[in-house]
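Coordinate analysis (summary)
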Amino acid sequence: MSGSLWLRVPGGDTLPAIPRPRRTGPGTAAAVAADPMDELAMRLDGFIAAAVHPDEIAAILESDGMTDEHIRLTYGRRDSFDLAEALYARVPRSFPEPEEWTDPWKVSLTACLLRGVIFALPGLAYVLGAPLLEGPPDRLGLPAGTLTLLAGALIGWVWDQTLSHRAYSWLGLGDRAAAGRTLLVGAPTGALLGIAAALTVPGGPPFSYAFAAGQAVYVGAATVLLVLGRERLLFAALAPMAAGALLALVTDLPLPLRVALLAASLLAACALAVRELPLAEGVRAVARRIRRRSEHRPLWGRRPAAAGGSPVRWRMLRGEGEEYGPQRPRLGDSVPYGVFGLGTGLLVLYAALGEVLAGGPANAVAAPSAVALTLSMGPAEWLLHRFRSGSLAGLRAARSPRQFWLRMLGTLVRCITVYLTVLLALGAVGTLFWPGAPGLTGVRVATLLLLGAVMWTGLLLQSFGAVRAAAVVCASAALAQSLALLLGLGQPRLVQLVTAGSAAAVLAGLVCLFLGRATAHR
């Protein structure tokens, strides 16, 4: 802080010179400027124009050694602060933009679309395994094994949402090894939980439990590959199953071939996930932990060591509120992401099966809506990045909080309009080509678009750091719809419409509250 701010480089000065005290004597009168203030303002024009307070100018003057005596003799001002205020008032404000700036939110549209396709491709496994799931309908009139598969998928989805956030938190701290260890422990645990949830549903065909087990294992492997940025590898692993499912739509494949294709994709995904995980390091860490616990375990009959014979153990002195040990992501910070996944998962489930679960006919399954919402997650991710990129442009261009809020409102309307348009197109195409799918009536279209708004605004609130609010709203909407279904309140389609509309309105209000906060866009 005591050094000069005027740095010199070979070949010239980096900053303009400040007038120095002039020596008096013969021949110096011609060198004196007619108005030294104009000369100083002209030389420091860029710095003065970009200053937001006169103290910035005073700091520049003082850092170069300009004394108060020189300021009084040359410029007729009392001190550097008085001179800085005069310069600040003389030069108009101008905040030049940097010539080049990097947009951290710029992502490839192809990569986002690939993720959306990867989210939806596992659905083709149900097409390939449909002949193996034949049997009497479930208790609610759904195809055989549906409840078994839904239970395992929902629990696995909630767990892996929580696991993904914790692993991403480690990656955000730059500790890829810790993220790998988290996935190494969490992915198998989530698979076991999904299998256990599927086994608690009785009455399914025998193969449905094996299918649910494979489904749970795949979700764990896919979580590992997606978190670590290996989408292309996962897409390659799903290729045999996807090709077989498309072939099964036009011809009848033998059952052994169907099972082989399903097993091939599952084993490929698992092998690729294991390759990305620090398996050997994890085994060594477990062995070290077991050995350390056995060494520190007290033995019966062991006499305490003498006071002078024990080694000295030093402790680092820390503040009262400071945790001992390295900083790490808190487990509680990841739980809201699991709750958000549970709420949105149930809302999508009710959108597809709500009428059937309420006692309607089996042909009322709106599977294209669920598929459209899944496929739309790719464009949704890209549009979220575009919104965040627009927030940086808004921060650079806006000159007042109100102007910034209005700019961001326009960006929000454009992004969500594009997303809902894509979602509607996916829903219409899916309904057109899905055999026996119910038509897209006005109520179904409104429900689909409102659910899309709920999911997109919920993801936006997550990026704002308000995941708890989004989780509470989505979980509350799912709970309200569950209670209406259990108690038989209202017509299912109307209940879905009101629930989705209420949740979308609340989330939109929350987004508008955060929209004008610059700190929410960091």
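Residues numbered from 1 in each chain as written. Predicted model: local features only at pLDDT ≥ 70, side-chain atom pairs only at ≥ 80, totals over all residues. Heavy atoms only, no water.

Some remarks on the overall build of the protein chain
- Within the protein chain one finds 20 helices and 2 strands.
- The burial tally for the protein chain puts 41% of its 522 residues in the buried class.
- Here the contacts in the protein chain between residues at least 6 apart in sequence split such that 77% fall between residues at least 24 apart.
- When the accessible surface of the protein chain is summed, it comes to about 29100 Å², and 65% of that surface belongs to carbon and sulfur atoms. (Helix = DSSP H or I, 4+ residues; strand = E, 2+ residues; numbered from the N terminus. Buried < 20%, exposed > 50% of the residue type's maximum accessible area, 1.4 Å probe, protein only. Contact = heavy atoms within 4.5 Å. Areas by Shrake-Rupley, 256 points an atom, 1.4 Å probe, with all protein chains shown as cover.)

Considering the pattern of salt bridges
- Tallying each qualifying case throughout the model produces 11 salt bridges.
- Between R78 and D82 there is a salt bridge whose closest N-O contact spans 4.0 Å.
- Here E381 ties to R115 by a salt bridge, and the two come within 3.0 Å at their closest N and O atoms. With E381 in helix 16 (residues 377–397) and R115 in helix 6 (residues 109–120), this residue pair connects regions lying 266 residues apart in the sequence.
- A relative accessible area of 13% means that R115 is categorised as buried.
- One connected set of salt bridges, linked through shared partners, spans R78, D79 and D82. (Salt bridge = Lys/Arg side-chain N within 4 Å of Asp/Glu carboxyl O.)

Focus on helix 18 (residues 442–463)
- Look at helix 18: 32 Å from first C-alpha to last across 22 residues, which is about the 32 Å you get at 1.5 Å a residue.
- Following helix 18 by one or two positions, G465 has its phi on the positive side, about 85°. (Expected span 1.5 Å × (residues − 1).)

Structural notes on the packing of aromatic side chains
- Following the criterion strictly, the structure yields 5 aromatic pairs and no others.
- Centroid distance F387 to F464: 6.1 Å. Interplanar angle 55°. Geometry classified as tilted. Of this pair, F387 sits in helix 16 while F464 sits in the loop between helix 18 and helix 19 (467–487), and the two are 77 residues apart along the sequence. Here F387 matches F464 in class, with each residue buried.
- Pairwise contacts between aromatic rings join F387, W456, F464 and F514 into one cluster.
- If you follow R517 out to its NZ or CZ, it ends over the ring of F514, 4.9 Å from the centre. (Phe/Tyr/Trp six-rings, centres within 6.5 Å; stacked < 30°, edge-to-face > 60°. Lys NZ or Arg CZ within 6 Å of the ring centre and 35° of its normal.)

Some thoughts on the confidence of the model for the protein chain
- Averaged over the protein chain, the pLDDT score is 80; the fraction of residues at 70 or greater is 81%.
- Overall, residues 1–33 carries pLDDT values under 50, and its contacts beyond four positions in sequence, including any with other chains, amount to 42 contacts. (pLDDT = per-residue confidence, 0-100.)

Concerning a positive patch on the surface
- Taken together, the side chains of R284, R288, R289, R291, R292 and R328 define a basic patch exposed on the protein surface.
- Examined against the element boundaries, R288 turns out to sit in helix 13 (residues 279–296).
- The class for R288 is partly exposed, based on a relative accessible area of 39%. (Patch = residues over 30% accessible without salt bridge, like charges linked within 9 Å, V, L, I, M, F, W, Y side chains within 5 Å. Lys, Arg positive; Asp, Glu negative; His and termini not counted. Charge placed at Lys NZ, Arg CZ, Asp CG, Glu CD.)

Considerations on the environment of V274
- Take V274: it is sitting in helix 12 (residues 255–276).
- Residue class for V274 comes out partly exposed when judged on its relative accessible area of 44%.
- Considered as a pair, V274 and L184 are 90 residues apart in the sequence and their alpha carbons are 8.4 Å apart.

Quick look at the side chain of D160
- Looking at the secondary structure, you find D160 in helix 8 (residues 146–172).
- No salt bridge is formed by the buried D160; the nearest opposite charge belongs to R115, separated by 13 Å.
- Excluding residues within four positions of it along the chain, D160 makes contact with V219, G220 and T223.

Digging into the packing of helix 16 against helix 17 (residues 401–433)
- Close contact between helix 16 and helix 17 brings their axes to 9 Å; oriented N to C, the two are set at 165°. The angle between helix 16 and helix 17 places the two elements in the roughly antiparallel class. Between helix 16 and helix 17 the crossing geometry is right-handed. Along its contact with helix 16, which presents M377, P379, A380, L383, F387, G390, S391, A393, G394, L395 and A397, the element helix 17 presents Q403, F404, R407, M408, T411, L412, C415, V418, Y419 and V422.
- Looking at the contact of helix 16 with helix 17 residue by residue, the classes come out as 15 nonpolar, 5 polar and 1 charged. (Axes fitted to C-alpha atoms, helices over the stretch in contact; angles between N-to-C directions. Parallel < 35°, antiparallel > 145°, perpendicular 65-115°, else oblique. Left-handed = near helix turned anticlockwise from the far one by under 90°. Nonpolar A, V, L, I, M, F, W, Y, C, P; charged D, E, K, R; others polar.)

Describing helix 12
- Counted at 1.5 Å a residue, the expected span for helix 12 with its 22 residues is 32 Å, and the 32 Å between its end C-alpha atoms agrees.
- Of the residues making up helix 12, those classed as buried are R258, L261, L262, S265, A269, L272, A273 and E276. Viewed end-on, helix 12 has its buried residues packed into an arc of 105°, placing them on one side of the element. Set apart from the buried face of helix 12 by more than 90 degrees, the exposed residues are P256, L267 and R275.
- Looking at the buried residues of helix 12, the elements they touch are helix 7 (124–129), helix 10 (206–227) and helix 11 (231–248). (Arc of directions from axis to C-beta.)

Thoughts on the environment of G345
- Mapping G345 onto the fold places it in helix 14 (residues 331–357).
- For the pair G345 and C474, spaced 129 residues apart in the sequence, the C-alpha separation amounts to 9.4 Å.

As for a nonpolar patch on the surface
- A contiguous nonpolar surface patch, about 480 Å² in accessible area, is contributed by V127, L246, L247, L249 and V250.
- Of note, L246 is situated in helix 11.

Section: the packing of helix 9 (residues 176–199) against helix 10
- Interhelical geometry of helix 9 versus helix 10 gives an angle of 155° and a closest axis separation of 8 Å. In terms of orientation, helix 9 lies roughly antiparallel with respect to helix 10. Considering only the axes of helix 9 and helix 10, their crossing is right-handed. Of the residues in helix 10, those touching helix 9 at L183, A187, A191, G194, I195, A198 and L199 are Y209, A212, A213, A216, V217, G220, T223, V224 and V227.
- Residues of the contact of helix 9 with helix 10, tallied by class, amount to 13 nonpolar, 3 polar and no charged.

Describing the nonpolar core
- Formed by 52 residues in total, the largest nonpolar core has its most connected members in L373, F387, Y419, W456, L460, L461 and F464.
- Contributing elements (two or more residues each) for this core: helix 14, helix 15 (367–375), helix 16, helix 17, helix 18, helix 19 and helix 20 (492–515).
- By residue number, the principal contributor to this core is helix 14, which donates 9 residues.
- Ranked by size, the runner-up nonpolar core spans 37 residues in total, among them L149, F211, L225 and A242. (Core = buried A, V, L, I, M, F, W, Y, C linked by side-chain atoms within 4.5 Å.)

Things to note about the environment of L83
- Structurally, the position occupied by L83 is in helix 5 (residues 80–90).
- Ignoring sequence-local partners within four residues, the contact set of L83 consists of M37, L40, L61, M66, I71, Y75 and R77.

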